[in-house]
Amino acid sequence: MDHVNPNDVWAPGANDRRGPLVTYSRDAADFDYMRINVPCQSACPALTNVPAYIRSIYEKRYGHSYELNRIVNLFPGTLGRICSRPCEDRCRHGEPELGEPVNICHIKRAAYDLKEPGHPFMAPMFSSHHKRVCIVGSGPSGLAAAHDLSTIGFDVTILEALDEPGGMLRYGIPEFRLPHKVLKYEIDSIVRMGITLKTGIRAGTDISFREIMSDYDATLIATGCYVSRALNVPGENLDGVFSGLELVMDIASNKSPNLGKKVAVIGAGFTAFDCARSALRLGAEDVTIFIRGLEEELRVTKEEIHDAKKEGIKIKALSLTQGIVGSNRAEGIEFVRARTGEIGSNGRRKLYPIEGSNFLVEVDSVIVAVGQSAQPIAAPGDKNDSGILIGNSDTFQSSEPGLYLTGDFLTGPSTVIESIASGRKAAERIAHDLTGKRFREWVVRMEEAAITDRHRSWDFIPRQEMPTVTPVSSRLVDRRVEVELGLSSEAAFEESKRCYLCNLHYEIDVNKCIFCRYCIDNAPRDCIKLVEKINLNENGAIDGFIETTNWQKVNAVVIDNSRCIRCGECVRVCPVDCISVTKVELVEKNLLAGRQ
Amino acid sequence: MAKVDITVEVCGMAGDGTIAAGGMINEAMSLGGYYVLGFDSYPAEIRGFGRCVTHSRIGSEEISALQDKTHVLISLNDVQSRSRAPFLQENGMVFFDSNPASYVTEEESLAAVLKTGVKLYGMPFSDLATQAAGSPRGRNLSALGGFAAVCGIDPDLFRQVISNKFESKGPRVLDMNLKSFDAGHEYALENFSHRLVGLFKGLEVEKGEKKVMLSGNSAIGKGAVDAGLKLYFGYPITPATPIMEYLAKALPPRGGQVVQMEDEIASIGAVLGASYAGARSMTATSGPGFALMTELITHGVMAEIPAVILDAQRGGPSTGLPTKTEQSDLQAAVFGGPGDSARIVIAPTNVSECYKFTVKSFQLAERYQTPVIVLTDFFLDNRVENVHPPHSTEQELQRLSVTPDSSKQGDYKRYEDTPDGISPRALPGMKGFNFVATGLEHSQYGAPDYSPENHQKMSAKRHRKIESALRDLFKPEEFFDDSEVDLGVIGWGSTFGSVLEATQEARRKGLKVSALKITSIYPYHAREIRAFMNKCKMILIPELNFEGHLANLIGHLHNSDVFRLNLVTGSPIPPSVIVSEIERLISGGVK
Amino acid sequence: MSAERFVIIGNGPAGNEAAEILREKSPRSRVTIFGKESIRSYKPHLLPDVIAGKVDQENIFMKPDSYFREKDIQLRLGQRVKHVDFNKRQVLLEHREVVSFDGLIIATGGKPRIPEPLEVFEDVMLTLKTAFDAQLWVDRLSKTDSVLIIGGDLTSLSLTRALINLGKKVFFIVNAESFWPLPFNERLSTEIQARLCEKGVEVLNSRTVRRLTQLSDTSVEVETDCEKIRVGVVGAFFGLVPDVKFLVRSGLDIDRGILVDENLQTRFANVYAAGDCAQVYNPVIKDYWVSIGYENARTLGRIAALNMLGEMLSVKSSPESIFSLNGVKVNTSWWMEF
């Protein structure tokens, strides 16, 4: 078995002297460096160590790769299918002239798919604090918090209102995107830590919060957002108008609502797309998604849009819903065309209806998927105008001592990976509040590294796209058919070679450099610079260079790590061996015995 | 047979492999049976920020000059190549790296300065090389691959050239280079399938003796070796250094030696010493070094010691333009030095002549017992031509030493006043032929003698000797046998190629012009030159110098002023410029 | 005041018309056209005639090289624009050059539309938009005698005529949704089918194509919802879509094409879109519409250029020539010309 070395990731560096020189830093400048120079890891709300787990795939250590994910995001198999992939947007390989971002998400799935079936996980545990924590809700944030609290040494109970744990992962995402068995595997591996999971118990209804809070040292509400937003237009309550969330939850519970042949979906998020694609699987023939804004501004992944279109779904932009018409049942939707306006401070585009441009679309049914919000819950503590409990997004505390909030319930709808990160942070806070100790901390780990064994030619490997079930007709036969087939081990290997390994830091030793500039001649892009001055930010991290082409003014030849694609060509051509390579990564270290 | 006359330029920054790429084009096209004339220009600094440009003129007929219009520009660095854009033909072709390392502004872009009609072939040179060979170092070869594919050149010609060039560096390096070339070739075939231009199609390759690519400097080196050079003394200077480099390799196996001296004065001193002792010896330098040598050269004149001095001219005065071409040492070569110190000066005009004249210079030096100066220039030294492998006949290699008659033993006049001025020369140590060799004016026996009569007589003797050398010197060569023309153009050195092409072009345009090549600068064939001039209403002498050195020397032979065309741009004179001048003079109706 | 710098992306009728106006009305300005093809602009509707051998490839050009030199219009061919930074007012070219502009007209025209379900077979199908496409047709037709046309738009009809003139066997699968730019209804369908049959075209009953397999250089196997046939070449004709993908996420509003107001101005000052790539707001029909066709494009190019120079012209369009296609209103002059 091939495990993440606890010394590398969890434990302090007591034994590190055996191998290459390893140092840890808590310097703000180093965190700034990571933020700029290892963009994928920084972009991940859970700070997943992307380069490291991709490297493990290259080394064919799938279990190891899975573990590197699991220690921070807990659901690699799940996220490898449905993550919103903020990392890929920042991937350096996706910069305009460098091609497509690395398929980071699907490599993660490959780690799940290809690891040995019985691969056990290492999860160093702290000794028990003899305190009990109750978590309400078993969605991604609740499960993540439960996992962390359990490993830190708390006795954790989860109360789940529905029949199955998983929350939105189980009920909000159709099986053609996320098979239940994948989810179950990952939930099981969390619950197995010694967590008590009680399903079918709705807190606040089946059992009062007073009762829970008196039984437990702390209570964490992670019940997510289960109330569908309404369009607030006439006709919304007609038969044949479905709430998107309810529809996917029905489908997840094995029901098959009849939608007719011509279906319109109103909404622009993942749920809208899930509904549209589910509609096809329920027998609809003509499905159109009506969005208010523009297709290019959709927040769903482009694979999702492409697959939807491939299945025959149409997208119609700039359509503002005016009302749903019909005598008993929805028969049509009235829209008005929109003109685009400026992008507002919230990042959303303003849209102005074009007066008189109304048009009617005939439909058999309408699915409204325009967002969700949290459900009022009968718990003590301060509430907002809608009667929803409010909490502090930094401390996760409600106004009621011992009552905490996390995930979408606290923040409003977010992504799965954000929920997981939120759950873990809430757990850290609860542990600290209950014990006065800190158990883990993020540090920058630096290790002397040999030159990368990457070949420059790997940078030209095309992105290995996810194979899907074809022809499209065979996807629609059974709604449980997972559309994405997963990368083969060969494709995952090829894709892993594409990663630049931005966690390698290249640096020229100015004292050894002879300014020959062979490195510049062989650089793949303008990553090595003739520099007159280096600017530092307030933390002391490099914040830009003043370059010069005047040879008299050159003070140093510098590798700009924010431009560097880690090809190693400079190291190979340097005649005086003045370029060093250091592996740098953000790691979460366990603090022995819990530091104050 | 289609007439092919294509000029290809490769332009890049020092370090881009520009010169290597240009060299490979020359070799490949030579292998393909074309006539090739190549010339590189590069920055003065060894490893600087400067521009490198190679020019290759490739033709199906003999070539004697460079053209100023380029058909194909291969850019390895667009910022540098912008300066070459004005020289492109209207429908020229440009190969450039479509994925350079960094963004460029419009002010730095090559594509931004190309005229409508110029065809662009953007290829990711570095990426192709990297993909194929794992390193961007072969980007110049990817560029060549694209060039070969688009222009319809047999890629095997290049593959063979690459093999020859990189074989010695081991199979891995060779393989990387071949792969980089092939990557460019394949890319172009695939991406430009509808834009291929058979620039070089339709040539019947001439079967016959295989030609070799030779630079002027290599030809000089080979000439010296073939002539039996024993000792070379020199001090490095651009553009003469390659001669020393060549000889350092070629001479020792033939029993000769190359000695690097502390400076040019020492070099010429050592040459005179070796020659005095009877060994064939030479030195090569450029203007600044030549200036240092002049005092000792006149010593050779006075003491009548053979010596071969090669002056590879460059831009002057002083350090001047060390990597640019110019013909401004003629006056220094003919007149430089104290006193009435006439010496022989000859100037080849092409690579073959570089060989031939070097061989000849040793004969002349020995027969006339005086320093012989061979004048070349940067362009001639560094340009490459594909020529038939040069060799010399027995007659050309014959030693023309004039040795004393044994009857004179015991009464040997080393500086005997003979009708042709040539005195029999004995070598030091020959029994009964002892003599004094000195820079002081001397009697026929060599003893110092400052008497007025003696100085008058001996000066006349030495000058008579130089005049008599005319019989052994190459005569001026007239290229068109017209009885009378409007304009005669006279050229020397590397400029003559342009003169020849310009007059050919002018004649094609119906102008009555003729051309004369002068290779014997001093003494010169006044009678023949005058005869030519007399057939011409006007005379034009284009030279790469400001003062008109040759015009100053021979202009008086014409019955009116000769016209001059003096350019000191550092580059060879393009034939088109001379053609324009010819047209201007003839149409201007200058009386 | 330094000379204004106008940049035009697109070397089609709209771009060339705009360039001519800008040069004429603003003699001191610098005008540059970027064209992604390597040859100067030509009349695309002549391409079927080129394939038929009726028109020589040399005779399809709109203007000679010398025109651009005389007019001092910089024509930069084979230089593809990759991105536009509207904040910095810079055009970024594929070969990594950055060109600043004072005024920009986007006139990239259209490109062949391939419906998503057929995208996987893109390599197997030929389209006909560019002179290069025409060359491919000529090459392929030299080796084969049968052709299948899928979809059906006006280009496909001209091509079909050319193919029949060449004596080729033509099969046709009519795709109701793709009969660009005409609205496809029963009447039109019957008329077109009748005309095709009359000319000797075999109209297949199939509705959709399931699979295309390239068997060899000269043979493609076609599997449809109801039959399986083998032909030499398959052509896809689903009309054109605005060629604006490179501007996605540039800040411009893009629906199908670039959304512009009735003056053809985009969201950004001095940035206009004209021709087939623009989706123009029409106050009469209160919707955005796409204009296609050679003459329409020239008109729009002209209006964009004049408005750039300070006029405030609106695009006129007669509502009867507007059709709705795939939810996008379409204006055409082609079918009138056809």
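Residues numbered from 1 in each chain as written. Chains lettered and ligands numbered in written order. Predicted model: local features only at pLDDT ≥ 70, side-chain atom pairs only at ≥ 80, totals over all residues. Heavy atoms only, no water.

## Things to note about the overall build of chain A
To be explicit about the condition: Numbered from the N terminus, helices here are DSSP runs of H or I no shorter than four residues, and strands are runs of E no shorter than two. In this setup the radius of gyration rests on C-alpha atoms only. A globule is expected at 2.2 Å times the number of residues raised to 0.38. Here, residues are in contact when the closest pair of their heavy atoms is within 4.5 Å. Note on areas: Shrake-Rupley, 1.4 Å probe, and residue coverage restricted to the protein chains presented here. By the counting rule applied here, Lys and Arg register as positive and Asp and Glu as negative, while His and the ends of each chain are not counted. By convention, the point assigned to a charge is CZ for Arg, NZ for Lys, CD for Glu and CG for Asp.
A tally of helices and strands in chain A yields 21 helices and 23 strands. Radius of gyration (C-alpha) of chain A: 26 Å, near the 25 Å computed for a compact globule of 596 residues. Considered along the principal axes of its C-alpha atoms, chain A spans approximately 85 × 60 × 45 Å. At a minimum sequence separation of 6, the contacts of chain A that also span at least 24 residues come to 74%. For chain A, the computed accessible surface area is about 24,000 Å², with 49% contributed by carbon and sulfur atoms. Taken together, the 72 basic and 80 acidic charged side chains of chain A have centroids lying 1 Å from each other.

## Some remarks on the interface of chain C and chain A
Under the convention used in this document: Once two parts are joined, some of their accessible surface, as seen by a 1.4 Å probe, is lost; buried area is that loss totalled over both. The term salt bridge refers to a pairing of a side-chain nitrogen on Lys or Arg with a carboxyl oxygen on Asp or Glu at a separation within 4 Å. Definition of a polar contact: a pair of N or O atoms within 3.5 Å, with one able to donate and the other able to accept a hydrogen when the atoms are protein atoms, and with sequence-neighbouring residues admitted only if both atoms are side-chain atoms. In the scheme used here, Gly and all other residues not listed as nonpolar or charged are polar, with Ala, Val, Leu, Ile, Met, Phe, Trp, Tyr, Cys and Pro taken as nonpolar and Asp, Glu, Lys and Arg as charged.
If you look at the interface, chain C gives 27 residues, while chain A gives 26 residues. In this assembly, chain C packs against chain A so that about 2,100 Å² is buried in total across both faces, 41% of it on carbon and sulfur atoms. Summed over the three residues of chain C that lose the most area to chain A, namely Glu116, Arg267 and Lys286 of chain C, the buried surface amounts to 23% of that side. Our count for the contact surface shared by chain C and chain A stands at 7 salt bridges. Between chain C and chain A we count 10 residue pairs in polar contact (both at pLDDT 80 or more) in total. For the side of chain C that touches chain A, the elements supplying multiple residues, two or more each, are β20 (278-282) and β21 (287-292) of chain C. Here the side of chain C that touches chain A is built from residues that sort into 9 nonpolar, 3 polar and 15 charged.

## Regarding the domain arrangement of chain A
Residues and elements named next belong to chain A. Operational definition: Residue ranges assigned to each domain were obtained from an automatic or database domain assignment.
Domain assignment breaks chain A into domain 1 (38-121 + 449-498), domain 2 (132-226 + 374-442), domain 3 (229-369) and domain 4 (506-595). Note on domain 2 versus domain 3: buried area summed over both sides is about 950 Å², and carbon and sulfur give 63% of it. Of all residues in domain 2, Tyr171, Phe176 and Arg177 give up the largest surface area on contact with domain 3, accounting jointly for 57% of the area buried on that side. At the junction of domain 2 and domain 3, the tally comes to 2 salt bridges.

## Quick notes on the interface of chain C and chain B
The interface of chain C with chain B comprises 21 residues on the first partner and 20 residues on the second. Across the chain C/chain B interface, buried area totals approximately 1,700 Å², and carbon plus sulfur atoms make up 50% of it. Interface area lost by chain C to chain B is led by Arg69, His95 and Arg96 of chain C, which between them contribute 39%. Joining chain C to chain B, the criterion identifies 11 residue pairs in polar contact (both at pLDDT 80 or more). Where the side of chain C that touches chain B is concerned, the elements lending two or more residues are α3 (65-71), β3 (73-77) and β6 (97-100) of chain C. No other element matches the 5 residues that β3 of chain C contributes to the side of chain C that touches chain B. Classifying every residue of the side of chain C that touches chain B by side-chain character gives 8 nonpolar, 5 polar and 8 charged.

## Thoughts on the domain arrangement of chain B
Residues and elements named next belong to chain B. Once the domains are mapped, chain B shows domain 1 (5-195), domain 2 (213-389), domain 3 (406-472) and domain 4 (477-586). Between the C-alpha centres of domain 2 and domain 3 there is a distance of 25 Å. At the junction of the two partners, domain 2 supplies 21 residues and domain 3 supplies 24 residues. For the pair domain 2 and domain 3, the summed buried area comes to about 2,000 Å², and 56% of that belongs to carbon and sulfur atoms.

## Topic: the pattern of salt bridges
Defined as follows: Relative accessibility under 20% of the residue-type maximum defines a buried residue, over 50% an exposed one, and the middle range a partly exposed one, all with a 1.4 Å probe and only protein chains included.
A full pass over the atoms with the stated rule returns 100 salt bridges over all chains. The residue Lys461 of chain B makes a salt bridge to Glu304 of chain B at a minimum N-O spacing of 2.7 Å. One end of the pair, Lys461 of chain B, is in helix α15 (residues 452-468); the other, Glu304 of chain B, is in the loop between α10 (287-303) and β12 (307-313), and 157 residues separate them in sequence. In this pair, the class of Lys461 of chain B matches that of Glu304 of chain B, namely buried. With a shortest N-O distance of 2.8 Å, Arg267 of chain C and Asp253 of chain C are connected by a salt bridge. Note that Arg267 of chain C is positioned in the loop between β18 (258-260) and β19 (271-273) and Asp253 of chain C in the loop between β17 (240-242) and β18, a separation of 14 residues in sequence. Given the relative accessible area of 25%, Arg267 of chain C is considered partly exposed. The class of Asp253 of chain C is buried, set by a relative accessible area of 4%. A single salt-bridge network, built from bridges that share partners, covers Arg177, Asp274, Arg277, Arg281, Glu304, Asp307, Glu311 and Arg475 of chain A.

## A short note on a positive patch on the surface
All names here are of chain C. Applied cut-off: Like charges are joined within 9 Å and nonpolar side chains (Val, Leu, Ile, Met, Phe, Trp, Tyr) within 5 Å, but only among residues with over 30% relative accessible area and no salt bridge; these make up the patches.
Together, Lys54, Arg161, Arg195 and Lys199 line one region of the surface with positive charge. As for its position among the elements, Arg195 is in helix α6 (residues 186-198). Arg195 sits in the exposed class, given a relative accessible area of 52%.

## Description of the state of the cysteines
All names here are of chain A. Spelled out, the test is: Any two cysteine sulfur atoms within 2.5 Å of one another count as a disulfide.
What the rule picks out here adds up to 0 disulfides over all chains. Its sulfur unpaired, Cys570 is 6.2 Å from the next cysteine sulfur, which belongs to Cys567. Cys578 carries a free sulfur, and the closest cysteine sulfur to it, the one in Cys574, is 3.6 Å from it. Accessibility expressed as a relative area gives 5% for Cys578, which makes it buried.

## Digging into a nonpolar patch on the surface
On the surface, a nonpolar cluster with roughly 270 Å² of combined accessible area is contributed by Ile534, Leu536 and Ile542 of chain A. Tracing the chain through its elements places Leu536 of chain A in strand β20 (residues 528-536).

## What about the packing of helix α4 (residues 50-58) of chain A against helix α5 (residues 62-73) of chain A?
Residue and element names in this part refer to chain A. Where we set the bar: Axes here refer to lines fitted to C-alpha atoms; in helices the fit is confined to the stretch in contact. Angles between the N-to-C directions go from 0 to 180 degrees. Note on angle classes: values under 35 degrees are labelled roughly parallel, values over 145 roughly antiparallel, values of 65 to 115 roughly perpendicular, and the remainder oblique.
Axis separation between α4 and α5 bottoms out at 7 Å; the angle between their running directions is 170°. By the angle class used here, α4 and α5 are roughly antiparallel. Seen from α4, the contacting residues are Ala52, Tyr53, Ser56 and Ile57; seen from α5, they are Tyr62, His64, Ser65, Leu68 and Asn69. When grouped by side-chain class, the residues that make up the contact of α4 with α5 number 5 nonpolar, 4 polar and no charged.

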